[in-house]
Amino acid sequence: MQQPPDRSATGRPPSAGPAAGPARVGPQRSATAPGAPSAAGAPGVREAEREATAVGRLAGTVERLRLELDHAQAHSAGRAVVEMAVGVLVERLRCGPTEAGRQLETLAEQAGVSVLALAADLVNQSASDEISALARGFVAGASVPPAEPVAVRLRSTEADALAGGDAPAAARSMLEHALRPLGVAAVAVWAAHPDLSLSLAGSAGFHEEEARRWRHVPPGVPTPARRALDERSAIGYPTLAEASLPSIGQHEIRGGRLAVPAGTGGRLIGVLEICWHDALPEQSQSLQRQFEALAELAAATLDSRSGQELSAPGLADREFGELRQLVDGLLDPCLVLRLSPDGDGHPPHFVIRHVNPAFVDFAGRPTSAIAGTRLLEAYPLAAEPGGLAEKVEHVLATGEPFRTHDMRLAAVVDGVRLTAGARVSISRTGTHLAVVWRLDDGTPRVARLLQHAQRLGRIGGFEENLRTRRIAWNETLYELHGLPPTAPPIALDQLAEHAHPDDRHTIGRFLRTLLHHRRPASTAFRLQRPDGVTRHIRVVAEPVPTPGSDLRLVRGAYQDISAQHWTEVALAATRDQLAQSEQQAAERSRLALQLQHAIMPPARGPLDLHDLRVAVRYRPAEKGHLVGGDWYDALTLPTGDVLLCVGDVAGHGIEAATGMVALRNALRGLAATGAGPAQLLSWLNSVTHHLTDNVTATAVCGLYEPGTRRLRWARAGHPPPVLLRGGHATTLPQLGGILLGAVDHADYAEGELALAAGDTLVMYTDGLIERRDESLQASLTSLMALTEQAHSGSAAGADGLEEHLDHLLRYSSADTDDDTCLVGVAVR
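Predicted, not measured: the structure shown is a model, and the values here were computed from it.

Asks: Is there a simple way to explain the sheet that holds strand S23 (residues 722–725) in this structure?
Replies: Sheet strands pair via backbone hydrogen bonds, and the direction of the pair is either parallel or antiparallel. Judged by pairing direction, the sheet is antiparallel, and its 6 strands sit side by side in the order S17-S18-S27-S26-S23-S24 without closing on themselves. Edge positions in the sheet fall to strand S17 (607–609) and strand S24 (728–731), since each of these pairs with one other strand and no more. Neighbour-to-neighbour, the strand axes of the sheet open up by a mean angle of 20°, direction not taken into account. As defined by bridge partners, S17 adjoins strand S18 (residues 612–619) across 3 bridges and the pair is classed as antiparallel. In the strand pairing of S18, leucine 607 is matched with valine 614. In the packing of helix H20 (residues 776–792) onto the sheet, the strands contacted are S23, S24 and strand S26 (760–764), and the crossing angle to S24 comes to about 150°. Contacts from helix H21 (residues 801–810) reach S18, S23, S26 and strand S27 (820–827), with the element oriented near 30° to S18.

What follows is the structure in structure tokens.
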């Protein structure tokens, strides 16, 4: 490290004359050319020369005195830093001040640095403030140690400002020692007030008239200092003219401006405003930290007066006493907060130092549980964004009062979140904060609602003092017990005497949990009232915590649950009946399914009847308990003809299954007579109408003669079959015929069709085509298109018959949950 020249803190040699500034004006010789006539002899000229000589001597004297004053101030600031370093050596070396001073000079000579630079380095090593952090940061980040002049400047500024003891001295010291080397022209220290006004506490570099003009800034004036306080961060402007903001020196110093908030103890109490003639320089991290350190120094200066006042014996307690007397006279709940002395300030922790007599915790807790605790311990949900803690922190930092007509206050009690709406006012008084809230005035309304709720719910509350034996009941509780309002309340330990004998053990366990284990308890019992009426009662109680170990108070409630009890009894009986009904329904469904499977096995291969191949597919209803009445039959009759039929009995369940069995068996017997399809359906209609119980059904019946390949068929209210021939699908004519069982006697039309090899006939029930949003004709058209599509994608004729039926079931557009029976007949 090179030995720098011995300079004062201002950077000028101690004995040097003015390097810049007004030139000295002294006796001067005439500037006339040699040989020119001299006017020295003229009386007027000699008088002018004497006056010029006097003015020059006066200006020189003023300049010399100014330099001496600057040197004295620099020497004083530097001497203060040296004295602090001597104090550090006294503590470290355990020696006297004189020996420490000699050691400092010796160490500076050995290190090749000035005594002032070494002194600043020692102070920085011992301190843990912003200035020492700056010095360490410079040393760590630079190859050539530039931290020495920065540390010297800042330490000299600190020493000079603290020696001056007021904001004007601090402003002059900051400008001369720390800011002029950075090109700063002027500096202002603003003090912030709770009414949002600003006052000029100190300044340097401005004319005195300008400083007097800006001694007070009313609220609402958007100055750079006000903006920095509002944003709570440093704000810079390239030039004041471009910012269009009013501020001190706005006409003379129109260059860059930087406003840095000054705070201490979590409070913003002022602003340091730095002014340049030129544009605002680039704000490197090192410059920002220097300005923040100077803002801390300004805050310490602004706070020194109030600190000195509060440090007077008993003055802090007197301030708190006056505030307590003030809030105790308020009719609204009020908390007095202060910063926690053991908090680190990030974020600030507030202690509830006092609550006034009108304070009521909206969560119902006693005052003793609130006073003395931390704000976030009593109200942890106040830390939510936009909550009470955020507003308190803002008021502490800025001094700006906060008021709102609608704030949601929240607390957690026994794991339950409780909220309340309130008008809240927060203001700062010295080092304390007063938080006043007025809860929504809904107490009478809430009380009325509570009374109605107790009456409707037949709930009565009680409170029993176990020590004094005093018991408080509300009116509902007397009614529940069948006692007049003048009767003495029943104590908890006497409750078993008024209960059913079988419930006394239950009440004993309840009292043991409540009184011995001191835990909340509840139980239900039968209360035997004096009027002979037995009521089913539920009691809930909890011990009230009190200071000390003894249990003094119990609170709880009784509720008449007789109606609920008998409802539960009826519900239990209903559940038993429902379970029995469900069991019977399941049994009936199982029986119906067995009947259906007996008639139509779920898995059955194709049948070969003469030159016909017959395949069947059955799809049950989507709801498994809805066993349907769909049926089919295909067999060779004694006459040699082949009977082909499909039917659908209306309804579901055992009735539909038994009706399906009856109709299928009856048709088989009638077909043995050799009658045609129309006659068979006419006889089957009479059977359905007379021999079954209110059963209706639809059916299509066909008789196929293998020798002639002639098919005769008739239908009874059933969808017509679909014929697939040569890849083209058509429906057979819709012959006339009413559904089975509707009337006593009915005639049915009969049709005839000649089949050929390769033809496929599809007979089905309505579950294959029925849609809620389509007509029957539209559904038949969709089925024909699907049949043609299935033919093109499967093997031709009898070989692809099963694949053809699977395709129809898979891609059917039906949207009902009915069962489906599908019979395919292929002619070989």
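Okay, back to it.
Asks: For this particular structure, what's the right way to read the pattern of salt bridges?
Replies: Side-chain pairing between opposite charges can occur once the charged atoms of the two side chains come close. Enumeration over the complete set of coordinates arrives at 28 salt bridges. When the shortest N-O distance is used, the salt bridge between arginine 771 and aspartate 773 registers 3.1 Å.

Asks: Would you mind going over the sheet that holds strand S4 (residues 235–237) with me for this structure?
Replies: Read from one edge to the other, the open sheet built from 6 strands follows the order S3-S2-S1-S6-S5-S4, with strand pairing classed as antiparallel. The open sheet has two edge strands with one neighbour each: strand S3 (216–217) and S4. Taken together, the 8 bridges between strand S5 (residues 257–264) and strand S6 (residues 267–276) define a ladder with antiparallel strand orientation. Bridge assignment links glycine 263 to a residue of S6, and that residue is leucine 268. Each of strand S1 (184–192), strand S2 (198–204) and S6 touches helix H6 (residues 167–179); the most contacted strand, S2, lies at about 45° to it. Set on the sheet, helix H8 (residues 224–231) makes contact with S1, S2, S4, S5 and S6; between it and S6 the angle comes to about 140°.

Asks: Explain the side chain of histidine 432 to me, please; I cannot follow it from the model alone.
Replies: Mapped onto the secondary structure, histidine 432 falls in strand S11 (residues 432–439). In terms of polar contacts, histidine 432 uses its side chain to reach the side chain of arginine 353, at 2.8 Å. Among the polar contacts made by the side chain of histidine 432, one reaches the side chain of threonine 431 at a distance of 3.3 Å. With sequence-adjacent residues up to four places away left out, histidine 432 is seen in contact with Glu319, Phe320, Leu323, Val336, Leu337, Arg338, Arg353 and Ser427.

Calculation notes
- Residues numbered from 1 in each chain as written.
- Predicted model: local features only at pLDDT ≥ 70, side-chain atom pairs only at ≥ 80, totals over all residues.
- Heavy atoms only, no water.
- Pairing = 2+ DSSP bridges.
- Helix = DSSP H or I, 4+ residues; strand = E, 2+ residues; numbered from the N terminus.
- Axes fitted to C-alpha atoms, helices over the stretch in contact; angles between N-to-C directions.
- Contact = heavy atoms within 4.5 Å.
- Salt bridge = Lys/Arg side-chain N within 4 Å of Asp/Glu carboxyl O.
- Polar contact = N/O pair within 3.5 Å; in protein donor to acceptor, adjacent residues only side chain to side chain.

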